[in-house]
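What follows is each chain in one-letter form.
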Amino acid sequence: QVQLVESGGGLVQAGGSLRLSCAASGRTFSRYAMGWFRQAPGKEREFVAGISWSGSFTYYADSVKGRFTISRDNAKNTVYLQMNSLKPEDTAVYYCALRPSLSERSVWFQSSEYKYWGQGTQVTVSS
């Protein structure tokens, strides 16, 4: 099995920054893509950002483009989400997800395409 553990969430004022981390352990794969999703109260889970195995390809939701940056360190089996210029509407539980992949370049943005999920970390942005 694969375990994904998110960290770095918390309470921040609007305009502030947070950096989320997601560490993968357990069963290993030769290649895997990673993604970040979020779910606000009363809303469906939505895609935030995705990154290919190589790290060279990324994809962002329009709502976070230019403010969030996804990156990864394969030596540490860790993916990051740097969140800047945070807004109250960014408040949600943030989840990381992993999809085994044969490709070094593919990025996925549908939650159904990811096989493994973390437990989530709360991000709260006050106005």
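Scroll up for the structure.
Residues numbered from 1 in each chain as written. Predicted model: local features only at pLDDT ≥ 70, side-chain atom pairs only at ≥ 80, totals over all residues. Heavy atoms only, no water.

**Quick look at the packing of aromatic side chains**
Applying the stated criterion across every chain, the model contains nine aromatic pairs. Between Phe 29 and Tyr 116, the ring centres sit 5.9 Å apart and the planes meet at 40 degrees, which makes this aromatic pair tilted. With Phe 29 in the loop between strand 3 (18-26) and strand 4 (32-39) and Tyr 116 in strand 10 (residues 116-117), this residue pair connects regions lying 87 residues apart in the sequence. Of the two residues, Phe 29 and Tyr 116, both sit in the buried class. Seen in terms of ring centroids, Phe 37 and Trp 117 are 5.0 Å apart; in terms of plane orientation they differ by 55 degrees. Their pairing is tilted. With a gap of 80 residues between them, Phe 37 in strand 4 and Trp 117 in strand 10 connect regions that are remote in the sequence. One aromatic cluster is present, formed by Phe 37, Phe 47, Tyr 59, Phe 109, Tyr 114 and Trp 117 through successive ring pairs. Above the ring of Tyr 80, the side-chain terminus of Arg 19 is found at 4.0 Å from the ring centroid. Taking the ring centre of Tyr 95 as reference, the NZ or CZ of Arg 45 above it sits at 3.9 Å. (Phe/Tyr/Trp six-rings, centres within 6.5 Å; stacked < 30°, edge-to-face > 60°. Helix = DSSP H or I, 4+ residues; strand = E, 2+ residues; numbered from the N terminus. Buried < 20%, exposed > 50% of the residue type's maximum accessible area, 1.4 Å probe, protein only. Lys NZ or Arg CZ within 6 Å of the ring centre and 35° of its normal.)

**Re the pairing of strand 9 (residues 92-100)**
For a regular strand, side-chain orientation follows a simple rule: the groups alternate between the two sheet faces. Here strand 4 pairs with strand 9 via eight bridges, running antiparallel. Its bridge partner lying in strand 9, Gln 39 is registered against Val 93. Where strand 9 lies against strand 11 (residues 121-126), three bridges are found, and the strand directions are antiparallel. Counterpart to Tyr 94 in the pairing with strand 11 is Thr 121. Sheet analysis places strand 9 next to strand 10, joined by two bridges and oriented antiparallel. Looking at strand 10, one finds that Ala 97 is bridged to Trp 117. (Pairing = 2+ DSSP bridges.)

**Concerning the environment of Arg 67**
Mapped onto the elements of the fold, Arg 67 is located in the loop between strand 6 (58-60) and strand 7 (68-73). Distance from Arg 67 to Pro 100, taken between C-alpha atoms, is 27 Å for residues 33 residues apart in sequence. For Arg 67, the contacting residues outside a window of four places in its chain are Gln 82, Met 83, Asn 84, Ser 85, Leu 86, Lys 87 and Asp 90. (Contact = heavy atoms within 4.5 Å.)

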